[in-house]
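The chain contents come next:
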Amino acid sequence: MGNAVRTEGTAEVMRGMAERMRETATKLDRLAEELEKRGNWDTASEALSIVTNLMPNLRLDLLAARPIREHQYRITALESLAGAVPADSN
């Protein structure tokens, strides 16, 4: 067992977020072009909706939850190796 905490899961989440942001940026570029060409203000409304929905869909909670979980696994493994008994096991 190595000393490092696993980071792959969090890195994967971050890559997924980056991909969603790139997709959103492409959509916004397309809408900006449409607004310039056609003067259709509905595209601004659509852009607002896209940006508003971006943040909740990024799953920012995973940037905190995954590292905490990995540290908990590591602590549990170290306690097991050391023969420690968790305080709440009684």
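Let us look at the structure shown here. (Residues numbered from 1 in each chain as written. Predicted model: local features only at pLDDT ≥ 70, side-chain atom pairs only at ≥ 80, totals over all residues. Heavy atoms only, no water.)

1. Section: the overall build of the chain
Cut-off, in case you're wondering: What counts as a helix is a DSSP run of H or I of at least four residues, what counts as a strand is a run of E of at least two, and both are numbered from the N terminus. The buried label applies to any residue whose accessible area, calculated with a 1.4 Å probe on protein chains only, is under 20% of its type's maximum; exposed applies above 50%, and partly exposed to all values in between. Contacts are residue-level and defined by heavy atoms, with any inter-residue pair within 4.5 Å sufficient. The Shrake-Rupley method, run with a 1.4 Å probe, gives the accessible areas here. Residue values count only the displayed protein chains as cover.
Per the secondary structure count, the chain includes three helices and zero strands. Here the chain, with 90 residues, has 16% of them falling under the buried criterion. Long-range pairs, those at least 24 residues apart, make up 66% of the contacts in the chain between residues at least 6 apart in sequence. Surface accessibility of the chain: about 7200 Å² in total, with carbon and sulfur atoms responsible for 56%.

2. Brief notes about the packing of helix 1 (residues 8-38) against helix 3 (residues 61-82)
Keep this limit in mind: A fitted line through C-alpha atoms represents every axis, and for helices the fit uses only the stretch in contact; the resulting angles, taken between N-to-C directions, go from 0 to 180 degrees. In what follows, roughly perpendicular refers to angles from 65 to 115 degrees, roughly parallel to angles under 35, roughly antiparallel to angles over 145, and oblique to any angle outside these ranges.
In contact at an axis separation of 9 Å, helix 1 and helix 3 are set at 170° when each is read in the N-to-C sense. With respect to helix 3, the axis of helix 1 lies roughly antiparallel. Within the contact between the two elements, helix 1 uses G9, T10, V13, M14 and M17 and helix 3 uses L62, L63, R66 and P67.

3. So, the packing of helix 1 against helix 2 (residues 42-57)
What counts here: Residues are grouped as follows: Ala, Val, Leu, Ile, Met, Phe, Trp, Tyr, Cys and Pro are nonpolar; Asp, Glu, Lys and Arg are charged; all remaining types, including Gly, are polar.
Two elements in contact, helix 1 and helix 2, have axes separated by 9 Å at closest approach and are oriented at 170°. The angle between helix 1 and helix 2 places the two elements in the roughly antiparallel class. Residues R20, T24, K27, L28, L31, E34 and L35 of helix 1 lie in contact with helix 2, whose contacting residues are T43, E46, A47, I50, V51, L54 and N57. Of the residues belonging to the contact of helix 1 with helix 2, the class tally is seven nonpolar, three polar and four charged.

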